[in-house]
Amino acid sequence: MSERGRTRFAAVLTLVLIPALVLLGSLVWANRQFYLVSILAIVLSLLPMLLRFERRGPQARELVILATLMALAAASRAAFSFAPAFKPVAAVVILSGAAFGCEAGFLVGAGSAFLSNFFFGQGPWTPWQMLGFGVIGFLAGLFFAHRYQPKRLGLCIFGFLAVFLLYGPMLDVGSVLMVSGDVNREVILAALASGVAFNAIHASATVIFLALVGEPLLRKLDRVKIKYGILTDAE
Amino acid sequence: MKQLHCAVSFGFFAVVLIVTMLVLHPAYIAISLLGAAGSLAALTGWHGLRQRIRWVLPLMVLTVFFNAAFQHRGVTALWYLPNGNAVTLESTVFGLCAAGMLAAAVLWCGCMHQVLTSDKLMALTGPLLPSVSLLFSMALRMAPRILRRLRETYDVQKVLDTGRDPVSVLRRCIRALSATVSWMLEHAVVTADSMKARGYGVGKRTHFHRERWGADETVFSAALLLLTALTLAGIFSGSGTEVFYPSLQFSPPTAMNLAAWCCWALLCTLPMLHIGKEALAWRRSASSI
């Protein structure tokens, strides 16, 4: 399939199948199977990215670099396992996206969530984490991948907003769908409010890690990219 | 159970998790919860089950609280909150069912974690998504390796710079991280070149896996298929219908419904039966030595 064909395929999968699924959920299951519908929707949105990657036939160097970044993100979560919410995973994912582009960012994000749960326990929350980190990595690629050596301030602001306004609320809403079969505004607001402190810690941890190691790490990734010509023509 | 072919155990967990999430009838939830707890105990011993329960229980309490406090539908008011909203029987029962469902899902996931280990998962996805599963198997092997290398580098830094103030600690951490990342990336390129030299991407990839299809698999999957069909038939014929709002209406325990619940219960005990059978076979063969 050509590049355009693949993009179109992914778009069809996402734009047609997910609304169809939501419609099915609301008609057949009488509007109550929020969790199952949302999980299926997440799987449907992860699938096109994986299929795209599969069909492209990735080079050995790409594969190993991506695996390394995923492993680094998972290992960094393990290294900070003593501190709840204070995790550098989001920072690693953002840096991967910024260095190697949208697709790499998405794969590293979704992959590191899946991978690290092998060490910390898989559960109903895994798909949400995968999508959350995947989207953060994708956006990082979108904002930063085209420029050489992005500024530290920009990275930090992006990191804070991405975790505080995107990843955190996404997981809060996910947990509402997990625990409460009936979703209304009150329940969602309560969940968001109870998650504010946790998300604020997570977001500031991301900012701290990005500020401390962001630039040197990006330099290292850029160096590998330029020296060996890895993932440079992916965009 | 752990020795079963990965496709069979994956099929089992898929069926059990989907039915658990789909049917909120108290009987189905209770059976699923008991089955999951029993299977987890059989797989990990009482200790493993206790450990899981220790953090599943607060989650359940939270779920019941969440539903009772924020859901005011239902006709049977139990008492009134200071702001005038009612805590209803219906929303509390719903919360109990949702809590049971969540706990069952978490416990089944715990069993899946024991049975479908990462290598089995890779054997399962290998033929479908070869690059993605290769990516994962490499990353799975690298994560502990990176941690070990970080530790080593940090220990060496500690000898070079013995300061105990936070600034020194931070400096050591950053140096260790920096060195590890550099090493990792160069190592990745070397690995990739070595893969290429051995013919990566030249032909179709073959996989090494230890999955075998024997008599056990045939029996287990036949039982799984039969019980799944019976359970689904039971659900679609209305043995698991539940209405929470405005007032509670559950399928009553008639003879037909009881039969359907028994099918679901048998399905949920399949792992325990298989583990029991294996234990028995082991004891018999051990005693005949």
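This structure is a prediction, so every number in the text was calculated from the model and none was measured. Each chain carries its own residue numbering, running from 1 in the written order of its sequence. Each chain is given a letter, starting from A, and each ligand a number, starting from 1, according to the order in which they appear as written. Owing to the predicted nature of the model, reporting of local features is limited to residues with pLDDT of at least 70; listing and counting of side-chain atom pairs is limited to 80 or more, with chain, interface and lining totals taken over all residues.

(A) Representation of the domain arrangement of chain B within the structure. Domain limits in this description derive from either an automatic procedure or a database domain assignment. The assigned domain composition of chain B is domain 1 (6-120 + 215-287) and domain 2 (128-197). Between the C-alpha centres of domain 1 of chain B and domain 2 of chain B the distance comes to 41 Å.

(B) Inspection of the interface of chain A and chain B at higher detail. Residues are treated as contacting if the C-beta atoms built from their backbones sit within 7 Å of each other. Contact residues are listed per partner, giving 45 residues for chain A and 46 residues for chain B. Working definition: helices are DSSP H or I runs of at least four residues, strands are E runs of at least two. Numbering for both runs from the N terminus. Of all the secondary structure elements, the ones that give two or more residues to the side of chain A that touches chain B are α2 (34-56), α3 (60-79), α5 (102-120), α7 (152-179) and α8 (185-228) of chain A. It is α3(A) that provides the largest number of residues to the side of chain A that touches chain B, a total of 15 residues. Asp, Glu, Lys and Arg are counted as charged, while Ala, Val, Leu, Ile, Met, Phe, Trp, Tyr, Cys and Pro are counted as nonpolar; the rest, among them Gly, fall into the polar class. Of the residues in the side of chain A that touches chain B, the class split is 31 nonpolar, nine polar and five charged.

(C) Structural view of the packing of helix α7 (residues 215-239) of chain B against helix α8 (residues 255-287) of chain B. Residue and element names in this part refer to chain B. Direction vectors running N to C along α7 and α8 enclose 150 degrees, while the axes themselves pass 9 Å from each other. In terms of their interaxial angle, α7 and α8 are classed as roughly antiparallel. α8 is crossed by α7, and the crossing has left-handed handedness. In this structure, α7 contributes F220, A223, L224, L227, T228, L230, T231, G234 and S239 to the contact, and α8 contributes M256, N257, A260, W261, C263, W264, L266, L267, L270 and H274. Helix axes are fitted to C-alpha atoms over the stretch in contact, other axes to C-alpha atoms as well, and angles between N-to-C directions run from 0 to 180 degrees. Roughly parallel here means an angle under 35 degrees, roughly antiparallel means over 145, roughly perpendicular means 65 to 115, and every remaining angle is called oblique. In this scheme, a crossing is called left-handed if the near helix is turned counterclockwise away from the far one by less than a right angle; it is called right-handed if the turn is clockwise.

(D) Here's a closer look at the domain arrangement of chain A. Assigned domains within chain A: domain 1 (1-57) and domain 2 (59-234). Classifying every residue of the side of domain 1 of chain A that touches domain 2 of chain A by side-chain character gives eight nonpolar, two polar and one charged.

(E) The arrangement of the nonpolar core in detail. By convention the nonpolar core is taken to be a set of buried residues drawn from Ala, Val, Leu, Ile, Met, Phe, Trp, Tyr and Cys and joined through C-beta atoms within 7 Å. Residues are called buried when their C-beta atom has 20 or more other C-beta atoms within 10 Å, exposed when it has 12 or fewer, and partly exposed otherwise; all C-beta atoms are positioned from the backbone. Ranked by size, the top nonpolar core spans 147 residues in total, and within it I94(A) and A139(B) carry the most contacts. If near-sequence neighbours (up to four positions away) are discounted, A139(B) is found in contact with A67(A), M70(A), A71(A), G111(A) and L115(A).

(F) Region of the structure containing the confidence of the model for chain A. Per-residue confidence from the predictor is reported as pLDDT, which spans 0 to 100. In the predicted model, chain A carries a mean pLDDT of 83, and the fraction of residues at 70 or more is 86%. Helix α4 (residues 89-100) of chain A holds the highest mean pLDDT among the elements of chain A, 93, whereas helix α1 (residues 3-28) of chain A holds the lowest, 66.

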